[in-house]
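So the chains spell out like this:
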Amino acid sequence: MSVELEKGTLWDKVVTTTRQAISDQSLHTIATQSHYLQQQGLNFIVRIANNIKRKSAQKKARPDFDPFLPPEPALTVSELSTSHLAVLNKFNVVEHHLLIVTREFLPQQQLLDRADFSALCHCLPEYPSLGFYNGGEEAGASQKHKHLQLVPLPLYGEREPFPFSPVFYRNTNSGSIRQLSELPFRNTFTNLPPGLFDSADHGAAHCHQLYREMLNKLTIPPLTDHPGDIQSAPYNLLMTTEWMLLVPRTTEFCEGISINAMGFVGSLFVKDQAGLEKLIDIGPANLLQAVSR
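Reading the values: the criteria
- Residues numbered from 1 in each chain as written.
- Predicted model: local features only at pLDDT ≥ 70, side-chain atom pairs only at ≥ 80, totals over all residues.
- Heavy atoms only, no water.
- Phe/Tyr/Trp six-rings, centres within 6.5 Å; stacked < 30°, edge-to-face > 60°.
- Buried < 20%, exposed > 50% of the residue type's maximum accessible area, 1.4 Å probe, protein only.
- Lys NZ or Arg CZ within 6 Å of the ring centre and 35° of its normal.
- Helix = DSSP H or I, 4+ residues; strand = E, 2+ residues; numbered from the N terminus.
- Arc of directions from axis to C-beta.
- Salt bridge = Lys/Arg side-chain N within 4 Å of Asp/Glu carboxyl O.
- Expected span 1.5 Å × (residues − 1).
- Contact = heavy atoms within 4.5 Å.

Quick notes on the packing of aromatic side chains
Logical step 1: Scanning all chains against the criterion turns up 11 aromatic pairs.
Logical step 2: Seen from their ring centres, Phe-162 and Phe-168 are 5.3 Å apart, and the 90° between their planes marks the pair as edge-to-face.
Logical step 3: A residue is classified by how much of its surface remains accessible, and Phe-162, at 5% relative accessible area, is buried.
Logical step 4: The ring of Tyr-156 has Arg-47 lying over it, and the distance from NZ or CZ to the ring centre is 4.2 Å.

A look at helix H7 (residues 284-291)
Logical step 1: Pro-284, Ala-285, Leu-287, Leu-288 and Val-291 are the residues of H7 that are buried. The buried residues of H7 all sit within an arc of 155° when viewed along its axis, so they share a single face.

Considering the pattern of salt bridges
Logical step 1: What the rule picks out here adds up to five salt bridges.
Logical step 2: For the salt bridge of Arg-103 with Glu-79, the shortest nitrogen-to-oxygen distance reads 3.1 Å. A residue pair is termed long-range when its members are at least 10 positions apart, and Arg-103 in the loop between strand E5 (98-102) and helix H3 (114-123) and Glu-79 in strand E3 (residues 76-79) qualify at 24 residues.
Logical step 3: The partly exposed category is assigned to Arg-103, whose relative accessible area is 28%.
Logical step 4: Two residues, Lys-146 and Asp-116, come together in a salt bridge whose shortest N-O distance is 2.5 Å. Separated by 30 residues along the polypeptide, Lys-146 in the loop between strand E6 (129-135) and strand E7 (147-152) and Asp-116 in helix H3 bring together distant segments of the chain. With respect to burial, Lys-146 and Asp-116 carry one shared label: buried.

Let's talk about helix H1 (residues 10-23)
Logical step 1: Here H1 is 14 residues long and its end C-alpha atoms lie 20 Å apart, about the 20 Å a rise of 1.5 Å per residue gives.
Logical step 2: Among the residues of H1, Leu-10, Val-14, Thr-17, Thr-18 and Ala-21 are the ones counted as buried. Buried positions in H1, seen along its axis, are confined to an arc of 105° and lie on one side of it. The exposed set on the far side of H1, more than 90 degrees from its buried face, consists of Asp-12, Arg-19 and Ser-23.
Logical step 3: Taken together, the buried residues of H1 touch E3, strand E4 (84-88), E5 and H3.
Logical step 4: Looking one or two residues past H1, Gln-25 carries a phi angle of roughly 65°, positive in sign.

Take it as geometry only, folks, not as evidence of what the structure does.
Dropping the structure here:
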């Protein structure tokens, strides 16, 4: 029996699993409020948590617990391939937040391979979405088990897909790997050709090759003295069916504020009102500069 995701079925599976997981209290949404900021000509949306104590308490109680080995049945959405499953994010801020996890344990610091991109390329064309990867703790990864993530677009019901959308709209003409100078942090970016995801295997091969070239441009080769293609520096990867963006990182935090991949499209998260006030004092663009290199 095939374990490959059937085209056109993922969204219904996500919605159905979400509805049931809410009903049986397996899914715990972190309620937030929105705040809007601008700096350096860029728009930002900041989500402020109303109550994040439950997730923090679970982490302190079971620091070595692997939630993906195996994932909770109530949160498991679908098989994607022989190597990956689609699982709901148990503590979600974004509605229908999906995790693309390896069936067996692999470290989050391991570079993405063809199988990872194949799983992602099965998911991305299913509905408008943003895929991303937090390469290591310093890039915002909260779990050691290798996993990519997928959130529906537009974020939070906004009109634009995400706050930095205008920057990406203005950079759709070139297929070269380059830096987007309008973004206030070091990055490498490339557009993806139309029709690439008609075949997940073809899309995976193309995107994996671009990903390795982008890492090389940012001088993030695999470690030579460690087996298994372990990354030599932390980074964030973001991807839609139209483009890929890669950002090198130095640290997860700036003044106690954690940044993961979504920060680099203008979506930030703080734990409380004090965090928002600190973010306003720092400036959101300055925050992104401080955690990248």
